[in-house]
Amino acid sequence: MLLSEFNTADDVRPLLTACLAVPRWVDAILDGRPYADLAALKAAADLPLSSDEIRQAMAAHPRIGEKPASGWARGEQSGVDNADAFAAANAEYEAKFGHVYLVCASGRSGEELLKILRSRLGNDPATELDVAGRELLKIAELRLAKAVTA
């Protein structure tokens, strides 16, 4: 969708929700229209998320290493080829933090993603939730850039 169309379209809420399933974020993007350019849209998308919003959005993401059935996550995780190693690492991560490991996987190899997961196991829960929130925003910005073009 062109930015000019996005600025005037009536029903872009589903598209934005597919980028990030956080109603306040979607509302903020909608309320900021019209955007002069893609840089302004990207800046608006960089909205800090609350802990509850991060947890809510994580619930909509598949585990890294599990093949998503469809959607953006399939392409984003296309470099993950070590699912067996991820199954064990995901279990350890989820036992410690109580939520799925979330990372912006686009353009990264499975080995790199696994290394990041293992390094993040050293975080305390509050720090890890903050890291996951920043990763969610990176994912949302990438998805938004795919959905809305100049």
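Residues numbered from 1 in each chain as written. Predicted model: local features only at pLDDT ≥ 70, side-chain atom pairs only at ≥ 80, totals over all residues. Heavy atoms only, no water.

Asker: Could you give me a rundown of unusual backbone geometry, with the residues and numbers involved?
Answerer: Omega for the bond connecting R33 with P34 falls within 30 degrees of zero, at 0 degrees, which places this linkage in the cis form. Structurally, P34 is set in the loop between α3 (23-31) and α4 (38-45). (Helix = DSSP H or I, 4+ residues; strand = E, 2+ residues; numbered from the N terminus.)

Asker: Got a sec to walk through the packing of helix α5 (residues 51-58) against helix α9 (residues 125-147)? Specific residues and values, please.
Answerer: Across the interface, α5 lies against α9 with an axial gap of 10 Å and an inter-helix angle of 60 degrees. Looking at the two axes, α5 sits oblique to α9. In this structure, α5 crosses over α9, and the sense of that crossing is left-handed. Seen from α5, the contacting residues are S51, I54, R55, A57 and M58; seen from α9, they are L129, A132, G133 and L136. (Axes fitted to C-alpha atoms, helices over the stretch in contact; angles between N-to-C directions. Parallel < 35°, antiparallel > 145°, perpendicular 65-115°, else oblique. Left-handed = near helix turned anticlockwise from the far one by under 90°. Contact = heavy atoms within 4.5 Å.)

Asker: Residue-level account of the packing of aromatic side chains, with values.
Answerer: This structure, assessed with the given rule, holds four aromatic pairs. With a centroid separation of 6.5 Å and an interplanar angle of 25 degrees, the aromatic rings of F86 and Y101 are classed as stacked. With F86 in helix α7 (residues 83-97) and Y101 in the loop between α7 and α8 (110-120), this residue pair connects regions lying 15 residues apart in the sequence. When sorted by exposure, F86 lands in the same class as Y101, which is buried. Taking 5.4 Å as the distance between ring centres and 65 degrees as the angle between the ring planes, the aromatic pair formed by Y93 and Y101 counts as edge-to-face. This pair shows no difference in class: Y93 is buried, exactly as Y101 is. Chaining the aromatic ring pairs together yields one cluster made of F86, Y93, F97 and Y101. The positively charged end of R33 is found above the aromatic ring belonging to F6, 5.8 Å away from the centroid. (Phe/Tyr/Trp six-rings, centres within 6.5 Å; stacked < 30°, edge-to-face > 60°. Buried < 20%, exposed > 50% of the residue type's maximum accessible area, 1.4 Å probe, protein only. Lys NZ or Arg CZ within 6 Å of the ring centre and 35° of its normal.)

Asker: For the confidence of the model for the protein, give the residues involved together with the corresponding values.
Answerer: This prediction gives the protein a mean pLDDT of 89; 89% of its residues lie at or above 70. By mean pLDDT, helix α6 (residues 72-76) is the weakest element of the protein at 50, and helix α1 (residues 3-8) is the strongest at 98. (pLDDT = per-residue confidence, 0-100.)

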